[in-house]
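Working through the structure, step by step
This is what each chain is made of:
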Amino acid sequence: MRSYLENNILTVFPQGRIDSSNASSLEDEIENIRKDHPSAQLRLDLEDLTYISSAGLRVILRLRKSAPALSLINVSPEVYDIFEMTGFTEMMDIRKAFRQMSVEGCEILGEGSNGVVYRYNDELVVKVYRDPDALDDIEAERTLARKALILGIPTAIPFDVVKVGESYASVFELLNAKSFTKLIRENPDDIEHYVKLYTDLLKTIHSTEVDPKDMPDGKAVALNRAKYLRDYLDPAVYDKLIALTEGLPERHTMIHGDYHTNNVEMQNGEVLLIDMDTLSYGHPILDLANMYMCYVGFGELDHGISERFLNLPYDLVSRIWGLATRLYLETDDEESIKAMTEKAAILAYSRLMRRTLKRDSVSEFGLKQIELCKRRLEDLVPKYDSLDF
């Protein structure tokens, strides 16, 4: 029987059928393999297992008694049904095998820090996670999406998990849906209509009360980003940035965390929100800061970055931000808009500076980006005593 040891996990590969005719000998063989690795965690890869009888289930129970952390992976749907009907899935870690999909040649709808979202066909959207061990992240996003839906936020719930190469991916049904990016690109004369719908959904999100136990704290995330800059900012600017972030009024209302036109879809006249892994709660300025970074900060030094990220010309990207701020604040008062924009920019440059320090701190462009963020923070942070608006 094939087996291998990696990171103190002993993986064993039973094959064919496990029934009364071979259950005992198979159990002996597994135990003999375990003798060479007594401290290793046991995992059974059942990719090549076609059937398991009650005798085989008793073997699993005995193995679990001596190896409490026993897990079963790559279980076929047929064998998984047996484990599910007998209650095994409720008492131990059993994971189905994942079908393979290819996104080669598929349109990229959007990219984030956690993954890339593809239009697979007219019906399906696939989000491929960057982390090759993202199953926990996928389940966390699915949970957040369910909670948002229950609270009245129109969103698509992933209905399947697949493999794309060596990565995991979530599959969503979005029949004939188009992102707001694509709608604006195809209908630039209707930009005000689409930005109005986009902003209305954002207001709905920001007026939705959530239980803090159900979602991460957005302010805590922003504070951790700011604290990363301790050694890179003037001490007075750094201290003020921390004080401004800590001083954000507590809000138990929802924020998306990555709100831009790639993550808002239109399906049969209904506006839908996707990419829910950054869903959290907190002050609305946190979402507006992320929007500022997408629409302004990313492309400030190189307009092409924004254009590649959002698949829109930079003049349209700028218009989206300008229209959205006026519609969100429900005012044309330039001073009010400027103040909110600069407060959002403080958190946006904080995030962008940290992001660049971690990802691109040695290239010529990266160094210019870091210096730009530093100058912007040194200019804006002293101007305000609160990020509330």
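Attention in this report is confined to the structure presented alongside it. Here the structure is a predicted model, which is why all the values come from computation and not from measurement.

Regarding the overall build of the protein
What the protein contains, in helices and strands, is 13 helices and 17 strands. Seen through its C-alpha atoms, the protein measures out along the principal axes to roughly 80 × 50 × 40 Å. Taking all 389 residues of the protein together, 51% fall into the buried category. Accessible area for the protein stands at about 18300 Å²; split by element, carbon and sulfur atoms hold 47% of it.

So, the packing of helix 11 (residues 314–329) against helix 12 (residues 334–359)
In the contact formed by helix 11 and helix 12, the axes pass within 10 Å of each other and the chain directions differ by 110°. One way to sum up the angle between helix 11 and helix 12 is to call them roughly perpendicular. Mapping the contact onto sequence places Trp321, Thr325, Arg326 and Leu329 in helix 11 and Glu334, Ser336, Ile337, Met340 and Thr341 in helix 12. Looking at side-chain class alone, the contact of helix 11 with helix 12 contains four nonpolar, three polar and two charged residues.

Description of a negative patch on the surface
On the surface, Glu78, Asp81, Glu84 and Glu90 cluster together into a patch of negative charge. Inspection of the secondary structure puts glutamate 90 in the loop between helix 3 (77–85) and strand 7 (93–96). A relative accessible area of 74% places glutamate 90 in the exposed class.

Re the sheet that holds strand 15 (residues 264–267)
Pairing within the open sheet is antiparallel, and its three strands lie in the order 13-15-16. In the strand order of this sheet, the two ends are held by strand 13 (178–179) and strand 16 (270–273), each with one partner. Both strand 13 and strand 15 contribute to a ladder of two bridges, which runs antiparallel. Across the sheet, the residue bridging to serine 179 is glutamate 265, located in strand 15.

Focus: the pattern of salt bridges
Applying the stated criterion across every chain, the model contains 27 salt bridges. Residue lysine 182 pairs with glutamate 107 through a salt bridge whose shortest N-O separation is 3.5 Å. Taken together, the residues lysine 182 in helix 5 (residues 180–186) and glutamate 107 in strand 8 (residues 107–111) connect sequence positions 75 residues apart. A network of salt bridges, in which partner residues are shared, links Lys127, Glu141, Asp275 and Asp277.

Here's the deal with helix 4 (residues 135–150)
Over its 16 residues, helix 4 extends 23 Å from the first C-alpha to the last, a length consistent with the 22 Å expected when each residue adds 1.5 Å. Packed against the buried residues of helix 4 are strand 7, strand 10 (124–129), strand 11 (160–164), strand 12 (167–173) and strand 14 (254–255). Once helix 4 ends, the next one or two residues include glycine 152, with phi positive near 100°.

A short note on the packing of aromatic side chains
Taken as a whole and judged by the stated rule, the model has 10 aromatic pairs. Linked through ring pairs, Tyr292, Trp321 and Tyr349 together constitute an aromatic cluster. For the cation-ring pair, lysine 163 lies above tyrosine 168, with the distance from its terminal atom to the ring centre recorded as 4.8 Å. Of note, arginine 354 hangs over the ring of tyrosine 228, and the distance from its end group to the ring centre comes to 5.6 Å.

Some details on helix 11
An ideal rise of 1.5 Å per residue puts 22 Å on 16 residues; helix 11 measures up with 23 Å between its terminal C-alpha atoms. Taken as a whole, helix 11 has its buried residues at Tyr314, Leu316, Val317, Ile320, Trp321, Leu323, Ala324, Thr325 and Tyr328. Along its buried surface, helix 11 packs onto helix 5, helix 6 (191–206), helix 9 (285–297), helix 10 (303–310) and helix 12. Once helix 11 ends, the next one or two residues include glutamate 330, with phi positive near 55°.

Details of the side chain of glutamine 267
Within the secondary structure, glutamine 267 is located in strand 15. Residue glutamine 267 is classed as buried on the basis of its relative accessible area, which comes to 15%. Residue contacts for glutamine 267: discarding those within four places in its chain leaves Glu173, Leu174, Leu175, Ala177 and Leu272.

As for the state of the cysteines
Overall, the coordinates contain zero disulfides when judged by the stated rule. Take cysteine 294: it sits in no disulfide, and the sulfur closest to it among the cysteines is that of cysteine 373, at 14 Å. Given a relative accessible area of 2%, cysteine 294 falls into the buried group. By relative accessible area, which is 0% here, cysteine 373 ends up buried.

Remarks on the sheet that holds strand 4 (residues 41–45)
The strands making up a sheet associate through hydrogen bonds between their backbones, and the pairing can be parallel or antiparallel. Ordered in space as 1-2-4-6-7, the five strands form an open sheet in which the pairing is mixed. Edge positions in the open sheet fall to strand 1 (3–6) and strand 7, since each of these has one partner strand only. Direction aside, the axes of adjacent strands within the sheet are offset by 20° on average. With three bridges connecting them, strand 4 and strand 6 (residues 71–75) associate as parallel partners. Note that in strand 6 the partner of arginine 43 across the bridge is serine 71. Sheet contacts for helix 1 (residues 23–35): strand 1, strand 2 (9–12) and strand 4; angle to strand 2, the most-contacted strand, approximately 150°.

Procedures and definitions
- Residues numbered from 1 in each chain as written.
- Predicted model: local features only at pLDDT ≥ 70, side-chain atom pairs only at ≥ 80, totals over all residues.
- Heavy atoms only, no water.
- Helix = DSSP H or I, 4+ residues; strand = E, 2+ residues; numbered from the N terminus.
- Buried < 20%, exposed > 50% of the residue type's maximum accessible area, 1.4 Å probe, protein only.
- Areas by Shrake-Rupley, 256 points an atom, 1.4 Å probe, with all protein chains shown as cover.
- Axes fitted to C-alpha atoms, helices over the stretch in contact; angles between N-to-C directions.
- Parallel < 35°, antiparallel > 145°, perpendicular 65-115°, else oblique.
- Contact = heavy atoms within 4.5 Å.
- Nonpolar A, V, L, I, M, F, W, Y, C, P; charged D, E, K, R; others polar.
- Patch = residues over 30% accessible without salt bridge, like charges linked within 9 Å, V, L, I, M, F, W, Y side chains within 5 Å.
- Salt bridge = Lys/Arg side-chain N within 4 Å of Asp/Glu carboxyl O.
- Lys, Arg positive; Asp, Glu negative; His and termini not counted.
- Charge placed at Lys NZ, Arg CZ, Asp CG, Glu CD.
- Pairing = 2+ DSSP bridges.
- Expected span 1.5 Å × (residues − 1).
- Phe/Tyr/Trp six-rings, centres within 6.5 Å; stacked < 30°, edge-to-face > 60°.
- Lys NZ or Arg CZ within 6 Å of the ring centre and 35° of its normal.
- Disulfide = S-S within 2.5 Å.

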